[in-house]
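Secondary and tertiary structure notes
So the chains spell out like this:
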Amino acid sequence: EMMVGGKPAVSFYLNSVMPKSLDVSSSSDHEKQKHTSKTNEKYVPEMAPWISANSAVLGLATGLPLGTYQKFVGSLRATGFDGAIILAISKHPQQEVLAYLEEMNVTAVPLDIMSENCTYTGTLSELNDTVTIKCTKNYPDYKLSWGRFLHYRDWLHSDEYCKDDACKGGILLTDVRDAYFQRNPFTTKSAR
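Notes on the structure follow. Treat the numbers as computed from the prediction; the structure is a model and nothing was measured. (Residues numbered from 1 in each chain as written. Predicted model: local features only at pLDDT ≥ 70, side-chain atom pairs only at ≥ 80, totals over all residues. Heavy atoms only, no water.)

1. Some points on the pattern of salt bridges
Put simply, the test is: Whenever Lys or Arg places a side-chain nitrogen within 4 Å of a carboxyl oxygen from Asp or Glu, that contact is recorded as a salt bridge. Strands here are runs of E lasting at least two residues and helices are runs of H or I lasting at least four, both read from the DSSP assignment and numbered beginning at the N terminus. Three labels apply to residues, based on accessible area from a 1.4 Å probe with only protein chains included: buried if under 20% of the type maximum, exposed if over 50%, partly exposed otherwise in between.
Counting across every chain of the model gives three salt bridges. One salt bridge in this structure joins D175 and R148, with 3.3 Å as the shortest N-O distance. Here the residue D175 occupies a position in the loop between strand 8 (171–174) and strand 9 (179–180), and R148 occupies one in helix 5 (residues 144–156), the gap between them amounting to 27 residues. With a relative accessible area of 34%, D175 lands in the partly exposed category. Looking at R148, the relative accessible area reads 17%, which means it is buried. D154 is the partner of R153 in a salt bridge, and the nearest nitrogen-oxygen pair spans 3.1 Å. For R153, a relative accessible area of 41% gives the class partly exposed.

Written out as structure tokens, the structure is:
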């Protein structure tokens, strides 16, 4: 199971790329009621596993040392995952990082990260902190930890990053710094 910060990670399915195999409208209401009344749990439909080659893992990985990329990408590829890995990286990464990501068939997207010219004003607690708010040039109204999701959306709808059938299956948005994989995240046979 993929772990993030010592806890199991959660896969996020995006409606725009969700396969038809998740359509549960064909399941009868009687079957759903029978399941929920006996176990007092939500109905969870059985589904086929994602096709790994059509799935994608996206993350924000700016300014990290080579070892962090090796742990994240290396453990993911070692599970047999052969889909797209799309990572946001620093605008000026180390050459050894670029070489490794290219060798591992990772799409590295340099982000123009800035602390000046951000129009996000922060929450009250952020204003009291001495932390500098960072954002990207494309989304100055959002701090980096929120704006990354706008970049992910853009990448998923872009032919530049999601070629052919890539990104048409399961999608996993995850942290990179503290995550590693013990199995392919797209081989599960039931929705959770």
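2. Topic: the packing of helix 2 (residues 66–78) against helix 3 (residues 95–103)
When two helices pack together, their arrangement is given by the angle between the helix axes and the distance between those axes. Under the convention used in this document: Between N-to-C directions, angles span 0 to 180 degrees; the directions come from axes that are lines fitted to C-alpha atoms, helices contributing only their stretch in contact. For this classification, under 35 degrees means roughly parallel, over 145 means roughly antiparallel, 65 to 115 means roughly perpendicular, and everything else is oblique. In this description, contact between two residues means that some pair of their heavy atoms is separated by no more than 4.5 Å.
Between helix 2 and helix 3, the least distance of the axes is 10 Å, while the angle of their chain directions is 10°. By the angle between their axes, helix 2 is roughly parallel relative to helix 3. From helix 2, L66, Y69, Q70, V73 and G74 reach across to helix 3, where they touch E96, V97, Y100 and L101.

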